[in-house]
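Descriptive structure summary
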Amino acid sequence: MSGEWVAWHARYGTDPALHHRLEIVRDLVRDELGSRAARPLRAISLCAGDGRDLLEVLATHPRGRTVRARLVDLEPSLVAAGRAEIERAGLSEVDFRCEDASVARAFAGAVPADLVLACGIFGNVADDDLHAFVRHLPELCARGATVVWTRGRFAPDLTPTIRRWFEEERFREITFVPIPDSTASVGAHRFEGTPRPLDPAARLFTFLPEADRPSSRAAPSDPAP
Ligand SMILES: C[S@@+](CC[C@H](N)C(=O)[O-])C[C@H]1O[C@@H](n2cnc3c(N)ncnc32)[C@H](O)[C@@H]1O
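In this report, the structure presented in the accompanying data block is examined. Just so you know, these numbers come straight off a predicted model, no measurement behind them.

Here we have 7 strands laid out as an open sheet, ordered β3-β2-β1-β4-β5-β7-β6, and mixed in their pairing. The outermost strands of the open sheet, each flanked by one partner alone, are β3 (94-98) and β6 (171-178). Along the sheet, successive strands turn relative to each other by an average axial angle of 15°, direction set aside. Of the pairings in the sheet, the one linking β6 to strand β7 (residues 185-191) comprises 7 bridges and is antiparallel in character. Within β7, the residue paired with Glu173 across the bridge is His189. Sitting on the sheet, helix α3 (residues 52-60) is in contact with β1 (42-46), β2 (68-73), β3 and β4 (113-118), with an inclination near 155° to β2. Across the sheet, helix α6 (residues 159-168) is in contact with β5 (141-150), β6 and β7; its angle to β6 comes to roughly 160°.

Right, dumping it as structure tokens:
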């Protein structure tokens, strides 16, 4: 996979919609830290990239250093960049693993989590696979957990269906933010159901070959996943 995702991350510096998406995700993470003062937060990030959404907030928020987090990504150079930021910011409770996040065992010992980031995944997997992922979320989430997710609204727009899938699994919508001048969007849902034990062998999702991904229907300039 090397190269493709490094190039995708470089667009954070040049693509206003992707940057806007990042700021919305960071705001949602900040809201979580602000609203859960009673006990340390447990967070996970699947396909975390270089972790810039979560790590920037943990490095700057007064409660950031109390958060126990596990980030997982397969791209070594992105993980190395994230680990350098963890070191620089002194985030001793954060663990950044260079592993396959698509198998549940990558999160053994880090769940149930209070905050689950699934950003940049939904546009890369088949629709039925995404539905199965939403059904697996009660294995990752503590009661009251917030899931933050992203997905492009390129045609046919799957986001209304995704939001319904969340509701069916007892996730109540906190917000859904379409990014202006792009098809990108960010959703956040709160888990109001009963957590389930993690099945470490469960497959959570499978990234499709690039040409087959739903996001390949987006315009080349769109931060679609
Ligand atoms: C679109 S990027 C999103 C990165 C980050 N979440 C963000 O929104 O900035 C997708 C990420 O998924 C990672 N990835 C793809 N398949 C993966 C897998 N099976 N396990 C872990 N990471 C994976 C890539 O390395 C890449 O960093």
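So, on to the side chain of His136. Looking at the secondary structure, you find His136 in helix α5 (residues 127-136). Among all residues touching His136, those that are not within four sequence positions of it are Arg196, Ala202, Arg203 and Leu204.

Counting 35 residues, the largest nonpolar core has Ile44, Leu46, Phe107, Phe122, Leu137, Phe166 and Phe205 as its most contacted members. Elements supplying a minimum of two residues to this core: β1, β4, α5, β5, α6 and β6. If you tally residues by element for this core, the top one is β5, at 4 residues. Not counting residues within four places of it along the chain, the set of residues in contact with Phe205 comprises Leu46, Cys47, Ala101, Ser102, Ile121, Val125, Asp129 and Phe133. Within the second largest apolar cluster, 31 residues are counted, among which are Ala17, Leu55, Val57 and Ala188.

Moving on to the site of the ligand. Near the ligand lie 20 residues; those nearest to it are Tyr12, Arg21, Cys47, Asp73 and Cys119. Taking Arg21, its side chain carries an N or O atom lying 2.7 Å from an oxygen atom of the ligand. The backbone of Cys119 places a nitrogen or oxygen atom 2.8 Å from a nitrogen atom of the ligand. For the ligand, the accessible surface in isolation is 600 Å², of which the surrounding protein chains cover 97%. Its atoms largely coinciding with the cavity grid, the ligand occupies the largest pocket. Per element, the largest residue contribution to the shell around the ligand is 3 residues, and it comes from helix α1 (residues 4-10). Of the residues contributing to the shell around the ligand, the split by class is 11 nonpolar, 4 polar and 5 charged.

In terms of strand pairing, β2 meets β3 through 5 bridges, oriented parallel. Counterpart to Ala69 in the pairing with β3 is Val94. With respect to chirality, the unit in which β2 leads through helix α4 (residues 76-89) into the neighbouring parallel β3 is right-handed.

All right, on to the pattern of salt bridges then. Using the criterion set out here, one finds 17 salt bridges in the structure. Here Arg213 makes a salt bridge to Glu4, at a shortest N to O gap of 2.6 Å. In this pair, Arg213 sits in the segment after β7 while Glu4 sits in helix α1, placing the two residues 209 residues apart along the sequence. For Arg213, a relative accessible area of 8% gives the class buried. Here Glu4 falls in the partly exposed class, since its relative accessible area comes to 26%. For Arg164, the salt bridge identified is with Glu168, shortest N-O distance 3.0 Å.

Attention now goes to α6. For α6, the complete set of buried residues consists of Thr159, Ile162, Trp165 and Phe166. Taken end-on, α6 shows its buried residues confined to a sector of 115°, consistent with a single buried face. Lining the buried residues of α6 we find α5, β5, β6 and β7. Backbone geometry just downstream of α6 places Arg170 in the positive-phi region, at approximately 70°.

Inspection of the secondary structure puts Phe176 in strand β6. Residue classification places Phe176 among the buried residues on the basis of a relative accessible area of 18%. As for Phe176 and Val148, which are separated by 28 residues in sequence, their C-alpha atoms are 9.7 Å apart. With near-sequence residues (within four places) excluded, Phe176 lies in contact with Trp149, Arg153, Thr159, Arg163, Ser185, Val186 and Gly187.

Conventions adopted
- Residues numbered from 1 in each chain as written.
- Predicted model: local features only at pLDDT ≥ 70, side-chain atom pairs only at ≥ 80, totals over all residues.
- Heavy atoms only, no water.
- Pairing = 2+ DSSP bridges.
- Helix = DSSP H or I, 4+ residues; strand = E, 2+ residues; numbered from the N terminus.
- Axes fitted to C-alpha atoms, helices over the stretch in contact; angles between N-to-C directions.
- Contact = heavy atoms within 4.5 Å.
- Core = buried A, V, L, I, M, F, W, Y, C linked by side-chain atoms within 4.5 Å.
- Buried < 20%, exposed > 50% of the residue type's maximum accessible area, 1.4 Å probe, protein only.
- Near = heavy atom within 4 Å.
- Polar contact = N/O pair within 3.5 Å; in protein donor to acceptor, adjacent residues only side chain to side chain.
- Areas by Shrake-Rupley, 256 points an atom, 1.4 Å probe, with all protein chains shown as cover.
- 1 Å grid on protein atoms, 1.4 Å probe; cavity = no way out; pocket = protein on both sides within 12 Å on 5 of 7 lines; lining within 4 Å.
- Sits in = over half its atoms within 2 Å of the grid points.
- Nonpolar A, V, L, I, M, F, W, Y, C, P; charged D, E, K, R; others polar.
- Right-handed = clockwise from strand over helix to strand, strands pointing away.
- Salt bridge = Lys/Arg side-chain N within 4 Å of Asp/Glu carboxyl O.
- Arc of directions from axis to C-beta.

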